[in-house]
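This is what each chain is made of:
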Amino acid sequence: MKFWEIFWMISIGFALVSFAILSVKVLINGFQEVKDMLTTLDERSNDSE
Amino acid sequence: MNFNYLDLIIIFAYVIFIFFAGSIVKKYVKGIDDYLVAGRSMGFSLGLISLMCTEIGMITYVYFAELGFKAGLASLMVAFPFIVAFLFLGKTGFVIKKMMEMKIMTVPEFFSKRYSKGVRFYLGILMAVGGILNFGVFPGVEAKFINIVTGIPEEYLLYTMVGLLTVVLLYTLVGGMVSVIVTNYVQYVLLSFGMIVITIIGFNAVGWDGIVNAVTTQMGDKGVNPFEPNFFEGDFGLGFIVWQILMQISILIGWQAVSARLFASKNSKTGQRIYTWSALMFFARAVLPVFWGIIAFAYYTNLGTASSMEGLDALPNLVKDLIPHGLLGLIFAGLLAASMSTYASYLLSWSSIVSQDIVGNAIKFITKKDLSSKKQLQLSRIVMAIVMLFIIWWSLFHKIEGYLYFYLNMTAMLFIPGTLISVALGVYWKNARTLGAYLAITFGAIPPLLYLVFPEEITKYASEMGYGGFIVALIGMIIGSVIQNKFAPNSAREVI
């Protein structure tokens, strides 16, 4: 029983910490990607006009 | 009303902001490519965010929390197959690499290229039935969530559902993939923040010892050890794990709302990288809500009300009781927005399968003429309206036996085993034939159909029905292909 309690505690901790770190990372990089995507689409629509 | 003015201001401001942002971004959409796949310009981080936002709605939290509330810590096992499935596909590119190289946009498209148009039509029917039955419980569960958190009386459930779907319809009309991706980014800020905040506040309210105590005293060993009474017979034992790994692999290949995100990425390398890193994200997407359900169980056990509470009501009650005002508005806005993107995506996916793959093809077959694009658009709108009416009716009158998570899995299982077996063998086995695909799809649908028709008798055999679907689908594919190769060896065969 003790094994499973420790196992679940580690799993939950791991999920929470990795989710928080990865979320911050993709949000920081994602901001630049949004800007790049809109610039690309804007340039493409200007070219077609 | 459980909300104060601050909560309401935050929610309204957020919804208006999302619509405003969506309509501003809409000006960048110049063609169908931009509308559907954002001009194939989606990078890694946005791909990951978009995938998470599509696959997280209120209902995701509710069904995972129900598992935790009813089955305790042992149910956390549900999160591990996600890691295995995502890493397997991300690292090996199994099937998906080939499909992306073929520039496939939808799974049914693969079926008409590799097998026949008849198989595509047949699969389309099962996909539509499974998808709509799956989608059919969303409004009821989510409207109930909204009613409990906001304090709207239960008799107004229908009005909440209609209100929710109206907002979603408006959102879908504003839509297009570019605005969905941009609004997803904003939604993900709140979504990730909310998930972390609920976990920390909930954990602080009961503590680890409180959780273990409540689970072990009320559920016994079964609440902690997934392999109780043994490795094979536990509710979350070997059978469950095998079923879930196969199921998640199939969903990543054949679930339109998910694979559409894969096909929208820049190239197959980006697509595989999105899947690899999604392993961690989807692990947390399951672990954290299951944990909230367990927290709710411990919290209401301490208050003496856990036994009279329904599993599906645990999470909304916990959010209502533990999250302070201000934060409640912020988290609720995030949940609402998450549901909106899920609805928009699902409504478009399932309606397009009905209008294009089934009705459109049937009309074409009868009249021998292609529908004009104006007629296609009319047809899509009519189908969308019918789907919406159906899901409201289904939500009001269908009673779910057993776990909601299993019900949702089984509706997907109506087409998922046949899809995985036919796609995988279609790619890697040159002898796979059309008759094999027909039999794989048919055989694979039988176990989930039994589960859905006789829920009371079969609920406890969910895992057996689950992996059994894949085994019989494989048998169907082999038998059908062998027969066709033996008796009609010269009929048309395309090998990829």
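Residues numbered from 1 in each chain as written. Chains lettered and ligands numbered in written order. Predicted model: local features only at pLDDT ≥ 70, side-chain atom pairs only at ≥ 80, totals over all residues. Heavy atoms only, no water.

## Re the overall build of chain B
A tally of helices and strands in chain B yields 22 helices and zero strands. Against the 2.2 N^0.38 benchmark of 23 Å for 496 residues, chain B shows a C-alpha radius of gyration of 22 Å, consistent with a compact globule. Reported as C-alpha extents along the three principal axes, the dimensions of chain B are approximately 70 × 60 × 40 Å. The burial tally for chain B puts 60% of its 496 residues in the buried class. Taking all contacts inside chain B whose residues are at least 6 apart in sequence as the whole, residues at least 24 apart take part in 84%. Summed over its atoms, the accessible surface of chain B is roughly 19300 Å², and 66% of this surface lies on carbon and sulfur atoms. Looking at chain B, you have 33 positive and 25 negative side-chain charges, and the mean spots of the two groups are 19 Å apart. (Helix = DSSP H or I, 4+ residues; strand = E, 2+ residues; numbered from the N terminus. Rg over C-alpha atoms; globule rule 2.2 N^0.38 Å. Buried < 20%, exposed > 50% of the residue type's maximum accessible area, 1.4 Å probe, protein only. Contact = heavy atoms within 4.5 Å. Areas by Shrake-Rupley, 256 points an atom, 1.4 Å probe, with all protein chains shown as cover. Lys, Arg positive; Asp, Glu negative; His and termini not counted. Charge placed at Lys NZ, Arg CZ, Asp CG, Glu CD.)

## Observations concerning the overall build of chain A
What chain A contains, in helices and strands, is one helix and zero strands. The proportion of buried residues among the 49 residues of chain A is 39%. About 3000 Å² of surface is accessible on chain A, with carbon and sulfur atoms providing 67% of the total.

## A short note on the environment of B:L246
All names here are of chain B. If you trace the backbone, L246 turns up in helix α12 (residues 238-254). When the C-alpha atoms of L246 and L420 are compared, they prove to be 8.6 Å apart, with 174 residues separating the residues in sequence. Once residues lying within four places of it in the same chain are set aside, the contact partners of L246 are L420 and F470.

## Observations concerning the interface of chain A and chain B
On the side of chain B, 45 residues touch chain A, which itself brings 30 residues to the contact. Each partner contributes to the roughly 3500 Å² buried at the junction of chain A and chain B, and carbon and sulfur atoms together form 82% of this total. Taken together, chain A and chain B are joined by zero salt bridges. Between chain A and chain B we count six residue pairs in polar contact (both at pLDDT 80 or more) in total. (Buried area = accessible area lost by both parts, 1.4 Å probe. Salt bridge = Lys/Arg side-chain N within 4 Å of Asp/Glu carboxyl O. Polar contact = N/O pair within 3.5 Å; in protein donor to acceptor, adjacent residues only side chain to side chain.)

## Points about unusual backbone geometry
All names here are of chain B. Of the consecutive residues E228 and P229, the connecting peptide bond is found in the cis state with omega at 5°. Take P229: it is sitting in the loop between α11 (177-219) and α12. Despite not being glycine, V95 has its phi angle at roughly 65°, a positive value. When you line up the elements, V95 lands in the loop between α5 (80-92) and α6 (96-101). Classification of V95 by relative accessible area gives buried; the value is 0%. At K368, a position not held by glycine, the phi torsion is positive, near 60°. Secondary-structure assignment places K368 in the loop between α16 (327-367) and α17 (373-397).

## Looking at the pattern of salt bridges
All names here are of chain B. Applying the stated criterion to the full structure yields five salt bridges over all chains. One salt bridge in this structure joins E66 and K70, with 2.8 Å as the shortest N-O distance. Within this pair, E66 and its partner K70 are both found in helix α4 (residues 58-71), separated by four residues, close to a single helical turn. Residue K144 is joined to D313 by a salt bridge in which the shortest nitrogen-to-oxygen separation is 3.2 Å. Of this pair, K144 sits in helix α9 (residues 138-150) while D313 is found in the loop between α14 (268-303) and α15 (314-322), placing the two residues 169 residues apart along the sequence. For K144, a relative accessible area of 22% corresponds to the partly exposed category.

## Considering the nonpolar core
With 187 residues, the main nonpolar core has B:Y188 and B:I211 as its most contacted residues. Discounting residues that sit within four places of it in the chain, B:I211 has contacts with B:L73, B:F203, B:V206, B:F291, B:I294, B:I295 and B:A298. (Core = buried A, V, L, I, M, F, W, Y, C linked by side-chain atoms within 4.5 Å.)

## Points about a nonpolar patch on the surface
Residues and elements named next belong to chain B. On the surface, a nonpolar cluster with roughly 540 Å² of combined accessible area is contributed by L435, I471, I475, I479, I483 and F487. Considering each element in turn, the nonpolar patch owes the most residues, five residues, to helix α22 (residues 462-487). With respect to the secondary-structure elements, F487 resides in helix α22. Using a relative accessible area of 66% as the deciding quantity, one classes F487 as exposed. (Patch = residues over 30% accessible without salt bridge, like charges linked within 9 Å, V, L, I, M, F, W, Y side chains within 5 Å.)

## A word on the packing of α12(B) against α22(B)
When two helices pack together, their arrangement is given by the angle between the helix axes and the distance between those axes. Residue and element names in this part refer to chain B. Between α12 and α22, the shortest axis-to-axis distance is 8 Å and the interhelical angle comes to 50°. Judged on the interaxial angle alone, α22 and α12 are oblique. As α12 packs across α22, the resulting crossing turns out to be left-handed. Taking contact as the criterion, the partners of G239, F240, V242, W243, L246, M247 and S250 in α12 are, on α22, A462, S463, G466, Y467 and F470. A per-class count over the contact of α12 with α22 returns eight nonpolar, four polar and no charged. (Axes fitted to C-alpha atoms, helices over the stretch in contact; angles between N-to-C directions. Parallel < 35°, antiparallel > 145°, perpendicular 65-115°, else oblique. Left-handed = near helix turned anticlockwise from the far one by under 90°. Nonpolar A, V, L, I, M, F, W, Y, C, P; charged D, E, K, R; others polar.)

## With respect to helix α13 (residues 256-263) of chain B
With seven of eight residues buried, α13(B) is to be regarded as a mostly interior element. Taken as a whole, α13(B) has its buried residues at B:Q256, B:A257, B:V258, B:S259, B:R261, B:L262 and B:F263.

## With respect to the packing of helix α3 (residues 44-54) of chain B against α14(B)
Residue and element names in this part refer to chain B. In contact at an axis separation of 9 Å, α3 and α14 are set at 45° when each is read in the N-to-C sense. On the basis of the axis angle, α3 is oblique to α14. In the crossing of α3 with α14, the sense of the turn from one axis to the other is right-handed. Mapping the contact onto sequence places F44, G47, L48, L51 and M52 in α3 and T270, R273, I274, Y275, W277, S278, M281, F282 and R285 in α14. Its residues placed into classes, the contact of α3 with α14 shows nine nonpolar, three polar and two charged.

## Section: the confidence of the model for chain B
Across chain B, the average pLDDT comes to 86, with 92% of residues at or above 70. Predicted confidence is poor over residues 32-39 of chain B, with pLDDT under 50, and the contacts of this stretch with residues over four places away or in other chains come to 24 contacts. (pLDDT = per-residue confidence, 0-100.)

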